[in-house]
Structure formats: structure tokens, C-alpha cells
Amino acid sequence: MTMKIEDKLFLDRFRVDEESHLRIINGQICMTECKGQPCLYFCPANVYRLEKDYISVNHEGCLECGSCRIACPHLNIEWRFPRGGYGISHKFG
Amino acid sequence: MKEAFDVAIVGAGPAGTSAACILAGAGVKTILFERGEYPGAKNMSGGVLYGQELARVLPDFAERKLPIERNIIESRLWYLSKEGGYNLGYRDAIFATERKHNVFTVGRARFDRWYAEQARQKGVLVVPGTVVVDLLRDGSGRVTGVVTGRAEGEVTAQVTLLADGVNSPLAALTGFRREVKPEHVALAVKEVIDLPAEVVDQRFGVSGGNGVTTEVLGDIVGGMNGVGVLYTNSASISLCIGANLADFATFKLKPYELIEEFKQHPMVAPLIAGGKSLEYVAHWLPEGGYDTIPRLYGDGYLIAGDSAMLFNAPHREGSNLAMASGRMAAETVIEALERGDCSRKSLADYGERMAQSFVLQDMKKYRGFGPFLHHHKEIFNELPRAATFAGREMITVNGVSKREKQKLIFRNARKETSLLKYLKLLWSGWRAVK
């Protein structure tokens, strides 16, 4: 039986900040210019999901690896660390 | 909290905390910032540490209730195809006796917290839950402290040590290390799988708190340049899989699906059978090698550990490079403070120490290793398939003569890729690690 990403993230401890630390700078670029939309694949927390006509950002489950910041082909993601003490807290690490 | 310190350290990982311990031990007024709720809250590695480096910072670490998972007495290397693979290992009783703690596994959440606690006991002010968002500079550009995300959160220091890890928006912002490129990091995900200690003992043939590490190469990462690991903890197993981030973006594979496939591999599945996942985390590894190391020091600052891209990929060493660089940074700073000069020229000694140590010597030795893997994807595709065919043929007893089997194996290997490519692979592989 394979584990879904939702089940994996459910194992983790998050202190979620209401304000997102991730932001798509220009949502239109994702839908018009970005052919590959690789964020939908490489993000290990499935933060980026394709909705009908935009890509949603589900920052609550972000594992803070930084990949989207540098691997977005259009560098179209504004990325900062969650506020101090917020975000994921590793139990084992 | 406009307070003045001798040294401000960004990041309570192995690099920052090692530096903090040494600085405080010499009576240097040190503040250690950590963005996580507690030191270790944001940190992840496969989970091996090295006793010799730790002992250079804390000689009596074994008496300080070090939260060790297992002492490693055997290192295995697997080269896998989809259905099976080769297993090469080295076990030695000396690693349970005289050379105990040569390598041991830890959970970073517990270890880093314990380590920062040792620094605190030595007099370091440890400040968790605090993000350093920028550096203070004077008119000449010299670093004079840090700006935290807290209200009125400026702290001045004569020297600032950047030990904030491989994912460092701060480095990119300040320009002290250029923002990393996707091809210079590996993205790894990790699951910790709960199993009773006796079960881990039985499955790995160990006892008495000893354990095994396994590094996994081959056709397990969807053809990308990547690697898996499987490390024993006290009562759990750490399973990681990772690949070059640029490959992830091109191959369109999902890390959480890769780790599920890895868990089902016939070599892996029996070892974790019946275990439940406790945690799922992700992190980068600095893979760019020697050529991506930034300048390690400047006016009022130094860089250590993952922030400085210090990682020896073929030997999977990173935490020791972090500790050693943190230690050398601290030793340099102590002398610079005594001289009353924390300029770039005065801190240049750190570069010298690093160049003369195993840290940069090893990094330099393997500077071609990253590009080698990047340019030879056959290591992750054709080669494991050819190796599997060879293994199967040689083991299968079916009345075919061995000479005939040899021919079959060579013919198959040449079908996978050309003889010239094998020779190129051997040649550039040798050049990358010699």
C-alpha cells in the first residue's frame, strides 16, 4: 500500500502562520508562459497544485527546502523563511 | 535588543554550534540564532555524524549524554536495478571497540538541540525562533551584526558567522554566496520508519547499540542523478532518496512517489516491513562541489558548513565538514579578536586553515565528481540494467557454459551502450575521484 503525500504531511508537526511565506509573483506567467510547470512535480510537499485556471499555493505543508525558489523556470516565486518558530518543526530530523 | 556581542552566529546546526562552543570556551561573548522553534527543528541529514570531529569540539561528548541512535560498524553500498542488485559491505569489530563512534547515527532534532545546549552551558546565548533576515553593515560595507525578524531586532557583533545552511536566502540577499543553481543541489526527502530495536538488530545482524549504513545507487531514481540511503537508528530506520534538483525539474518526477517506490524495492521492503512512518521531511544537499564554494570570509564575516557548500558527495560526508569549518572559523576569530582586527585580511587565516585541512583538500580532490555523475546518466540507467543481466546470468545454473554466458553478458552490455561509452565512463570516473 503506498502512502499519499497528504498522509506523509499528516505525520509532521507544523505551526502554521496565517500569512504565506511563499507567493507566486505573477500568476499569469504560470498559465501562459510556463510550459513545463515543474513546481507541480518537484515540490516534495505538493505545495503547488493546478486548479482550473491558476496554480494554488498551499504553504501550510511547506517543508522549507527552497526548491521552488530556484527551480521555477521563471523565478516567479517569492520565497522567505516562515517567521521565527513557525513552519515545520522536525521531531526526528 | 540593541546589544553588542563579539560574535553573532546565524544557524544552530553542526557548523554554527561547533563554532559557538569553541568561542564560548575561550570566553568570547557569543550569540547563536536559530530560526526553528528549537535548534534542530529545521535540520535534516541522512543522520550520520563523526566522533573525531565532535571530539575536537567536545572531547568528553560521550559523558555528556549524547543522544546517539546507533554506533555504525558496517557500511554497505548497493548498486540496484529494479528487481535486485549488488551488495558490497565492510564490517569491522574495531568500530565497536577502539574506534567506537567513528561514525554514528543521530536524529538531528534531538542531536542539534543537545549540541546547542552544550554551547549554552558554556555561556553562549542561544536564541531560537528567530530568523536573521539581513546583515548590518557600516559605510565601508563591513559586516557589523545582524538584523532579525523581531521588532527592534538588531544585534551588533565584531564578527558574524554565517552557518545558516544550504538553503540560504540571506546569502543570496547579501551576495556573500550567490544564489545556488538547481544543478548544484540535490533535493532529498526522508522518512523515519518506526521498528522495535530488536527487529532492527535482527534484520541487520547487529546488537549492543551497533548499526549499519547503506548507500544506494543505481536504477532507483527514475534515471536521474540521485542516490538513496538507508540508515539504522535505535528503534527506527531512516530512508532517504534524493536527486539533482535540475533533474527533478526536467524529469518531472515527484519526490514523494520516488520514496514510495524505493520502499517497495525488493532489497528495501523486507528491511522496513511492518514499520510505520513517523515523519516525512525534505532538504537540499550542496552537491556543486569545490567550484561552488564561495569566498569563505570578508570584512567582519565568515561562512561555514552547508552555507559554504561543503559536502563530500562520494564519501557522503557533510556534518564533519560543517563541524571542522565551524571550529576553524572560531579558532580564527579568537585570534582576530585578540589582535583587535576583524577585517578581511585578519580573517584570511580561516581560508588558510581550511585550505590546509582535509575539508578543502577532499573537496578539491572530488571537484570533478558532481559533473561526472551529471554527464554520465548511464550510471543510473543502462549500467544497472547491464549489471543485473550479468548477475542473473552468472548465478543462473542452466546448462549453458560459462564461456557462452560471458559472451551473452558482453553482447548485452554492448546492446545497452557502446564499448566506447564504457571506456569513457571508466576514464572520466577515474579522473573524477583520483
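Please read all numbers here as calculations on a predicted model, not as lab measurements.

1. Let's talk about the interface of chain A and chain B
- Opposite the 39 residues of chain A that make contact, chain B presents 55 residues.
- Summed over both sides, the interface between chain A and chain B buries roughly 3,700 Å², with carbon and sulfur atoms accounting for 57% of that surface.
- At the boundary of chain A with chain B, the tally comes to six salt bridges.
- One salt bridge connects Lys-8 of chain A with Glu-191 of chain B, and the closest N-O pair in it is separated by 2.2 Å.

2. Quick look at the pattern of salt bridges
- Summed over the entire model, instances satisfying the criterion amount to 30 salt bridges over all chains.
- Here Glu-64 of chain A ties to Arg-35 of chain B by a salt bridge, and the two come within 2.6 Å at their closest N and O atoms. In this pair, Glu-64 of chain A is assigned in the loop between strand E4 (55-57) and helix H4 (67-71) and Arg-35 of chain B in the loop between strand E2 (30-33) and strand E3 (48-50), connecting two distinct chains.
- Between Glu-191 of chain B and Lys-263 of chain B there is a salt bridge whose closest N-O contact spans 2.6 Å. In this pair, Glu-191 of chain B sits in strand E11 (residues 185-194) while Lys-263 of chain B sits in helix H7 (residues 255-264), placing the two residues 72 residues apart along the sequence.
- Under the relative-accessibility criterion, Lys-263 of chain B is labelled buried at 12%.
- Each of Glu-53, Arg-327, Glu-331, Glu-335, Asp-349 and Arg-353 of chain B takes part in one network of salt bridges that share partners.

3. As for helix H14 (residues 402-416) of chain B
Residue and element names in this part refer to chain B.
- For H14, which comprises 15 residues, the first-to-last C-alpha distance of 21 Å matches the rise-based estimate of 21 Å (1.5 Å per residue) to within 8%.
- All buried positions along H14 are accounted for by Lys-405, Ile-409, Asn-412 and Ala-413. One side of H14 carries all its buried residues, which in axial view fall inside an arc of 100°. Along H14, exposed side chains directed more than 90 degrees from the buried face belong to Arg-403, Phe-410, Arg-411, Arg-414 and Lys-415.
- Buried-residue contacts for H14 involve helix H13 (382-395) and helix H15 (419-433).

4. Section: the nonpolar core
- Within the largest apolar cluster, 75 residues are counted, with the highest numbers of intra-cluster contacts made by Tyr-48 of chain A together with Phe-204, Leu-230, Ile-241, Leu-245, Phe-248 and Trp-284 of chain B.
- The greatest single-element share of this core, amounting to five residues, is contributed by E11 of chain B.
- Apart from the residues within four sequence positions on either side, Trp-284 of chain B is in contact with Cys-65, Gly-66, Ser-67, Arg-69 and Ile-70 of chain A together with Val-166, Asn-167, Val-180, Val-185, Ala-186, Leu-187 and Leu-245 of chain B.
- Counting residues in hydrophobic clusters, the runner-up holds 72 residues, among them Leu-296, Ala-329, Leu-347 and Leu-360 of chain B.

5. Things to note about the domain arrangement of chain B
- By domain assignment, chain B separates into domain 1 (3-67 + 107-178 + 294-365), domain 2 (183-286) and domain 3 (381-433).
- One C-alpha centre belongs to domain 2 of chain B, the other to domain 3 of chain B; they are set 27 Å apart.

6. Describing the packing of helix H1 (residues 14-25) of chain B against helix H3 (residues 108-121) of chain B
Residue and element names in this part refer to chain B.
- One way to put it is that H1 packs onto H3 with a least axis distance of 8 Å and a crossing angle of 20°. Between H1 and H3, the angle is such that the two are roughly parallel. At the point where H1 passes H3, the crossing takes the left-handed sense. The residues of H3 that touch H1, namely those facing Pro-14, Thr-17, Ser-18, Ala-20 and Cys-21, are Arg-108, Asp-112, Tyr-115, Ala-116, Gln-118 and Ala-119.
- Taken together, the residues of the contact of H1 with H3 break down into six nonpolar, three polar and two charged.

7. Remarks on the side chain of Asn-312 of chain B
- Looking at the element boundaries, Asn-312 of chain B is found in the loop between strand E17 (301-303) and helix H9 (319-339).
- Not counting chain neighbours up to four residues away, the residues in contact with Asn-312 of chain B comprise Glu-317, Leu-321, Asp-362, Met-363 and Tyr-366 of chain B.

8. A word on a nonpolar patch on the surface
- A grouping of Met-31, Leu-50 and Tyr-54 of chain A is seen on the molecular surface, where their side chains present a nonpolar patch of about 280 Å² in accessible area.
- Following the sequence through the fold, Tyr-54 of chain A ends up in the loop between strand E3 (48-50) and E4.

9. Quick word on the pairing of strand E15 (residues 276-286) of chain B
All names here are of chain B.
- Of all 11 residues making up E15, eight are buried, and the element is well covered by its neighbours.
- Note that E11 and E15 share 10 bridges and pair antiparallel. Pairing of Ala-186 across the sheet is with Leu-285, part of E15.

10. What about the packing of aromatic side chains?
- Scanning the entire structure with this criterion turns up seven aromatic pairs over all chains.
- Ring centres 6.4 Å apart and planes at 40° place the aromatic pair Phe-369 of chain B and Phe-372 of chain B in the tilted group. In this pair, Phe-369 of chain B and Phe-372 of chain B are both assigned in helix H12 (residues 369-375), three residues apart and thus about one turn of the helix distant.
- When its relative accessible area of 12% is taken as the criterion, Phe-372 of chain B is described as buried.
- Three or more aromatic residues link up through ring pairs in this structure, and these residues are Phe-111, Trp-114 and Tyr-115 of chain B.
- Residue placement shows Arg-69 of chain A over the ring face of Trp-79 of chain A; its charged tip is 4.9 Å from the ring centre.
- Over the ring of Tyr-38 of chain B we find Arg-113 of chain B; its NZ or CZ atom is 4.1 Å from the centre of that ring.

Parameters and conventions
Residues numbered from 1 in each chain as written. Chains lettered and ligands numbered in written order. Predicted model: local features only at pLDDT ≥ 70, side-chain atom pairs only at ≥ 80, totals over all residues. Heavy atoms only, no water. Contact = heavy atoms within 4.5 Å. Buried area = accessible area lost by both parts, 1.4 Å probe. Salt bridge = Lys/Arg side-chain N within 4 Å of Asp/Glu carboxyl O. Helix = DSSP H or I, 4+ residues; strand = E, 2+ residues; numbered from the N terminus. Buried < 20%, exposed > 50% of the residue type's maximum accessible area, 1.4 Å probe, protein only. Expected span 1.5 Å × (residues − 1). Arc of directions from axis to C-beta. Core = buried A, V, L, I, M, F, W, Y, C linked by side-chain atoms within 4.5 Å. Domains from an automatic or database assignment. Axes fitted to C-alpha atoms, helices over the stretch in contact; angles between N-to-C directions. Parallel < 35°, antiparallel > 145°, perpendicular 65-115°, else oblique. Left-handed = near helix turned anticlockwise from the far one by under 90°. Nonpolar A, V, L, I, M, F, W, Y, C, P; charged D, E, K, R; others polar. Patch = residues over 30% accessible without salt bridge, like charges linked within 9 Å, V, L, I, M, F, W, Y side chains within 5 Å. Areas by Shrake-Rupley, 256 points an atom, 1.4 Å probe, with all protein chains shown as cover. Pairing = 2+ DSSP bridges. Phe/Tyr/Trp six-rings, centres within 6.5 Å; stacked < 30°, edge-to-face > 60°. Lys NZ or Arg CZ within 6 Å of the ring centre and 35° of its normal.

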